[in-house]
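# Notes for the structure review
Letter by letter, the chains look like this.
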Amino acid sequence: MNNSTHTKSDTFAVMKQGNVFKFLSNGEWRTSGSGKTMKEVTPYDNTEAYEFQSCSQQDIDEVFKAANRAQRGWAKTPLWKRAEYLRKAAVILRENKDEIATALVKEIAKNRKSAVSEVVRTADLIEYTAEEGTRLVGKLMTSDSFPGQKRDKLCLVHRVPLGVILCIPPFNYPVNLCASKVAPALITGNSVVIKTPSQGAVSALYLAASFHLAGVPAGVVNAVTGKGSEIGDFLTTHPLVNCISLTGGGTTGMSVCKKVGMIPLQMELGGKDAAIVLPDCDLDLAAKAIVSGAFSYSAQRCTAVKIVLAVEPIGDELVKKVVDGVKKLTVGHPEENADITAVINKSSADYIESLVFDARQKGASEVCPYKREGNLLWPTVFDHVREDMKIAWEEPFGPVLPIIRLKSAEEAVEFANRSTMGLQGCVFTNDIEKAIHISDELSTGTVQVNGQPARGPDHFPFQGFKDSGLGSQGVYFSLEAMTKIKSTVINLRQESFPMN
Ligand code: G3P
């Protein structure tokens with residue numbers, strides 16, 4: 001990109017017509033053929049955040065055809081050059097982090113500090129992916145390593161792109177979890193179609209625009225906007241889709257799995273991440289990690305601590321420390337960097353409230369009391385939760401933390417494993433051997449020892465067991481997920497070996 005052609009203030013002017021955002025199709029920012037737009041309101045005061053296109057099936061069909069055409073040329077673009085485009089996109093993101101953070105604040109109520117850090121983390125992720133992608137090498141196999149075979153065949157094994165990747169990021173990380181799909185797809189020679197989340201659409205469009213402004217050829221990066229309920233099926237079952245990478249709710253993910261044909265899927269669908277606290281642990285450390293793990297971004301993270309399993313006799317002391325930590329959290333506006341901000345929308349707030357009322361009515365102790373103003377929910381902690389309460393099993397995706405008291409580590413593991421989800425879990429103990437045994441027993445993709453669940457750093461493998469997902473993410477693992485193995489076998493003719 002020639003930086004001189006884009007001053008800071010007009011860098012992204014190409015995305016808009018007046019105040020309405022366009023979608024990216026075949027290298028052009030367009031308005032929908034349907035003539036329809038959608039309006040999005042802020043989670044915190046219900047005022048209009050942005051307006052963007054409501055793409056039609058015809059818009060989407062054109063996007064897929066463009067992506068399909070462009071992919072062949074992109075795959076033949078030298079790898080070092082593809083890496084250069086990625087690095088340029090990372091520079092654009094970093095230079096415009098404040099403007100992009102403003103969209104995150106308005107659309108998803110992420111506090112400004114975390115919003116800026118999401119953009120910077122994304123630039124880092126893209127640069128790391130460019131490096132890792134250029135190091136992806138194939139291998140050579142020889143026939144004589146198999147019993148009874150002679151050395152008369154050489155097999156060249158390498159990875160080739162899948163084609164067009166449909167990238168569906170969630171509302172909670174519309175920049176970072178979009179890039180974690182787009183960057184590995186591009187470096188390995190795929191083209192992408194991004195379906196932006198309805199809440200968070202403009203933030204994801206900024207990500208697409210960063211690749212566009214970096215000069216990625218027309219059709220290689222495309223982004224469509226619109227309601228999932230109207231265009232979701234058309235997108236996911238389109239015959240030109242060669243892979244879907246989706247992060248989102250379990251219901252959406254399961255429904256996609258049932259409808260699509262024989263294409264690779266990379267899915268991350270949420271979790272009920274348990275924090276198992278053993279009596280021998282550093283309780284201050286455990287309480288701090290639980291408060292931060294449970295309430296960052298108002299608990300709207302699939303890796304949030306969603307249940308605490310306290311092994312007696314430390315229950316009382318742990319609860320006291322957790323309550324002390326929760327009392328220090330600030331509640332308010334994302335621009336003011338409050339720890340707890342409004343949850344994404346009214347229906348989410350209503351659902352969280354229904355779980356609170358259920359636990360309250362069934363007799364859980366409300367040690368940090370629930371309070372609600374619109375979509376803003378105060379951090380709530382329930383102690384003495386029992387298994388007949390919905391909060392013990394469901395994922396609120398909001399600031400409500402249940403604590404269950406159990407008698408032993410074995411009981412805690414058994415309880416955690418009864419969840420239908422299996423994203424992450426964590427165990428707090430000073431006994432490393434016990435921690436390893438618990439990790440071996442827990443049916444989750446990752447177990448953190450003496451730390452809160454987390455996806456990052458972004459090159460670590462990230463995967464859910466059971467209903468939490470399919471496949472692994474994390475930079476290297478996504479490079480593998482977005483490629484397939486290709487073999488070329490060279491048969492060596494015996495007569496060309498005069499020495500044999
Ligand atoms: O909820 C999405 C998940 O990827 C959270 O990521 O980085 O907050 O652990 P992180």
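Attention in this report is confined to the structure presented alongside it. (Residues numbered from 1 in each chain as written. Predicted model: local features only at pLDDT ≥ 70, side-chain atom pairs only at ≥ 80, totals over all residues. Heavy atoms only, no water.)

Counting its secondary structure elements, the protein chain contains 14 helices and 28 strands. Here the C-alpha radius of gyration of the protein chain, 24 Å, is about what a compact globule of 500 residues would show, namely 23 Å. When its C-alpha atoms are laid out on the principal axes, the protein chain stretches across 80 × 70 × 40 Å. Here the protein chain holds 500 residues, and 55% of them are scored as buried. Partitioning the contacts of the protein chain with sequence separation of at least 6, the portion at a separation of at least 24 is 71%. Carbon and sulfur atoms make up 53% of the accessible area of the protein chain, which totals about 20,900 Å². Of the charged side chains in the protein chain, 56 are positive and 56 negative; the average position of the first set lies 6 Å away from that of the second. (Helix = DSSP H or I, 4+ residues; strand = E, 2+ residues; numbered from the N terminus. Rg over C-alpha atoms; globule rule 2.2 N^0.38 Å. Buried < 20%, exposed > 50% of the residue type's maximum accessible area, 1.4 Å probe, protein only. Contact = heavy atoms within 4.5 Å. Areas by Shrake-Rupley, 256 points an atom, 1.4 Å probe, with all protein chains shown as cover. Lys, Arg positive; Asp, Glu negative; His and termini not counted. Charge placed at Lys NZ, Arg CZ, Asp CG, Glu CD.)

When its volume is computed, the largest pocket comes out at roughly 1,400 Å³. Taken together, 49 residues form the lining of the largest pocket, with Phe171, Thr247, Gly248, Gly249 and Thr252 sitting closest to its centre. Where the lining of the largest pocket is concerned, the elements lending two or more residues are β5 (37-41), α7 (228-236), β12 (243-247), α8 (250-259) and α11 (346-361). Here the element with the most residues in the lining of the largest pocket is α8; it accounts for seven residues. (1 Å grid on protein atoms, 1.4 Å probe; cavity = no way out; pocket = protein on both sides within 12 Å on 5 of 7 lines; lining within 4 Å. Points joined across faces, edges and corners; volume = space filled by probe spheres on them.)

Here we take up the site of the ligand. If you check the shell around the ligand, you find Arg121, Asn172, Tyr173, Leu177, Glu268, Arg301, Cys302, Thr303, Ala454, Arg455 and Phe462 and nothing else. Arg455 places a side-chain nitrogen or oxygen 2.5 Å from an oxygen atom of the ligand. Alone, the ligand offers 310 Å² of accessible surface; in the complex the protein occludes 96% of this. Given that more than half its atoms are within 2 Å of the pocket grid, the ligand belongs to the second largest pocket. Along the lines of polarity and charge, the residues of the shell around the ligand split into five nonpolar, two polar and four charged. (Near = heavy atom within 4 Å. Polar contact = N/O pair within 3.5 Å; in protein donor to acceptor, adjacent residues only side chain to side chain. Sits in = over half its atoms within 2 Å of the grid points. Nonpolar A, V, L, I, M, F, W, Y, C, P; charged D, E, K, R; others polar.)

When the terminal C-alpha atoms of helix α2 (residues 79-95) are compared, their 25 Å separation across 17 residues agrees well with the 24 Å that a helix rising 1.5 Å per residue should span. For α2, every residue scored as buried is listed here: Arg82, Ala83, Tyr85, Leu86, Ala89, Ala90, Ile92 and Leu93. (Expected span 1.5 Å × (residues − 1).)

Pro313 follows Glu312 through a cis peptide bond whose omega is 25°. For Pro313, the location among the structural elements is in the loop between β15 (307-311) and α10 (315-327). If you check the backbone angles, Ala299 has positive phi at about 70° while not being a glycine. Secondary-structure assignment places Ala299 in the loop between α9 (283-295) and β15. Phi angles above zero are rare outside glycine, and Asn450 is one such case at about 55°. With respect to the secondary-structure elements, Asn450 resides in the loop between β23 (446-449) and β24 (462-463). By relative accessible area, Asn450 is classed as partly exposed at 33%.

Attention now moves to the nonpolar core. Phe211 and Val221 are the most contacted members of the largest nonpolar core, which has 69 residues in total. Ranked by residue count, the leading element in this core is helix α6 (residues 201-213), at nine residues. Beyond its immediate chain neighbours, meaning those up to four positions away, Val221 contacts Leu24, Leu186, Val192, Ile194, Ala208, Phe211 and Val216. Ranked by size, the runner-up nonpolar core spans 33 residues in total, among them Ala274, Ala392, Val427 and Ile438. (Core = buried A, V, L, I, M, F, W, Y, C linked by side-chain atoms within 4.5 Å.)

One can find Val449 in strand β23. A residue is classified by how much of its surface remains accessible, and Val449, at 35% relative accessible area, is partly exposed. For the pair Val449 and Val427, spaced 22 residues apart in sequence, the C-alpha separation works out to 5.1 Å. In this structure Val449 touches Val427, Ile432 and Ala435, once residues within four positions along its chain are discounted.

Now for empty space enclosed by the protein. Summed over the entire model, instances satisfying the criterion amount to five cavities of 30 Å³ or more. By volume, the largest cavity is sized at about 100 Å³. Listed by contribution, the elements that provide at least two residues to the lining of the largest cavity are α4 (112-134), α5 (176-187) and α14 (475-481). Per element, the largest residue contribution to the lining of the largest cavity is three residues, and it comes from α5. Its residues assigned to classes, the lining of the largest cavity comprises six nonpolar, five polar and two charged. Of the voids in this model, the second largest cavity is the one considered here, and its volume is about 70 Å³. Lining the second largest cavity are Lys272, Asp273, Ala274, Ala416, Ser419, Met421, Gly422, Leu423, Gln424, Gly425, Leu442 and Thr444.

For the rest of this paragraph, the subject is the environment of Phe382. Within the element layout of this structure, Phe382 appears in strand β19 (residues 380-383). Considering only alpha carbons, one finds Phe382 and Ala359, 23 residues apart in sequence, at a separation of 7.8 Å. Beyond its immediate stretch of four places on either side in the chain, Phe382 contacts Val356, Ala359, Arg360, Ala364, Ser365, Glu366, Val400, Leu401, Pro402 and Ile403.

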